[in-house]
Amino acid sequence: MSEVPAAPSPLRLGVLASGNGSNFAALAEAIAGGELAAQIQVLIYNNPDAPVAQRAQQWQIPSVLLNHRHYPSRESFDAAIVETLKTYAVEWVVMAGWMRIVTPVLLSAYPQRIINLHPSLLPSFRGLHAVEQALAAGVKITGCTVHLVTEELDSGPILAQAAVPVLPDDTPATLHARIQVQEHRILKQAIAEIAAQQVQVSR
Ligand code: GAR
């Protein structure tokens, strides 16, 4: 009788998001459709009116509002995030439109296990307003990046990228919309690769 290998358990993700949540929704949809061997344990969001909270509700994913304005320091805010992530047994952290700078408090709780999505081809246009920065620089190609988070802003090892042409009549909104189509794809791709490696390496 041949042994049937046990199916790997899905990667337990915690998503951090500040705003609209189209990337969160793309992940939730891919997971529900069986495209990704992962599970979103919890959404943490920091802006009370962020539409991403409704998206979590639609997908019946637990969400926790942690409003950074109610914490005395970035470190105390990150400590609350870590506590929540641990409560929900999160293994990997996905910053999908997270507009806060992270501190060593979060980084040391999840070493090499935090990924960030950024709307430019890093190392170009780090920081805020990356789409506007690309338009102002007059580049003909920009794009998006998924990278591991390190202490230096938007600088960790790159896991996935996609290029997006800048069209002559682009506005920040039209360009960002085309970048987001690619973001939804490469974020899923990066997580699928992580899930595949985890099965081989450490589980
Ligand atoms: C995304 O375009 C992401 O790259 C960007 O925020 C957007 C969130 O979209 N992140 C950053 O700028 C981080 N510095 P979403 O809320 O629709 O997923």
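Now for a look at the structure at hand. (Residues numbered from 1 in each chain as written. Predicted model: local features only at pLDDT ≥ 70, side-chain atom pairs only at ≥ 80, totals over all residues. Heavy atoms only, no water.)

Now for the side chain of N116. Of note, N116 is situated in strand β5 (residues 114-118). At 3.3 Å, the side chain of N116 forms a polar contact with the side chain of D154. With near-sequence residues (within four places) excluded, N116 lies in contact with M95, T145, V146, H147, V149 and D154. (Helix = DSSP H or I, 4+ residues; strand = E, 2+ residues; numbered from the N terminus. Polar contact = N/O pair within 3.5 Å; in protein donor to acceptor, adjacent residues only side chain to side chain. Contact = heavy atoms within 4.5 Å.)

As a further point, take the sheet that holds strand β6 (residues 141-148). Spatially, β3-β2-β1-β4-β5-β6-β7 is the arrangement adopted by the seven strands of the open sheet, whose pairing is mixed. Strands with a single pairing partner mark the edges of an open sheet, and in this sheet they are β3 (63-65) and β7 (158-165). Across the sheet, the axes of successive neighbouring strands diverge by a mean angle of 20°, strand direction being ignored. Both strand β2 (residues 38-45) and β3 contribute to a ladder of three bridges, which runs parallel. Looking across to β3, one finds that L43 is bridged to S63. Against the sheet, helix α1 (residues 22-32) engages β1 (11-17), β2, β4 (92-95) and β5, with an angle of about 155° to β2. (Pairing = 2+ DSSP bridges. Axes fitted to C-alpha atoms, helices over the stretch in contact; angles between N-to-C directions.)

Lining the immediate surroundings of the ligand are N20, G21, S22, N23, G97, M99, L117, H118, P119, H176, Q180 and E183. Between an oxygen atom of the ligand and a side-chain N or O atom of E183, the distance comes to 2.5 Å. In the complex, 90% of the free accessible area of the ligand, which totals 450 Å², lies under the protein chains. More than half of the atoms belonging to the ligand lie within 2 Å of the grid points that define the largest pocket. Elements with a contribution of two residues or more to the shell around the ligand: α1, β5 and α6 (172-201). When residues in the shell around the ligand are grouped by element, the largest group, three residues, is from α6. Among the residues making up the shell around the ligand, the classes are represented as three nonpolar, eight polar and one charged. (Near = heavy atom within 4 Å. Areas by Shrake-Rupley, 256 points an atom, 1.4 Å probe, with all protein chains shown as cover. 1 Å grid on protein atoms, 1.4 Å probe; cavity = no way out; pocket = protein on both sides within 12 Å on 5 of 7 lines; lining within 4 Å. Sits in = over half its atoms within 2 Å of the grid points. Nonpolar A, V, L, I, M, F, W, Y, C, P; charged D, E, K, R; others polar.)

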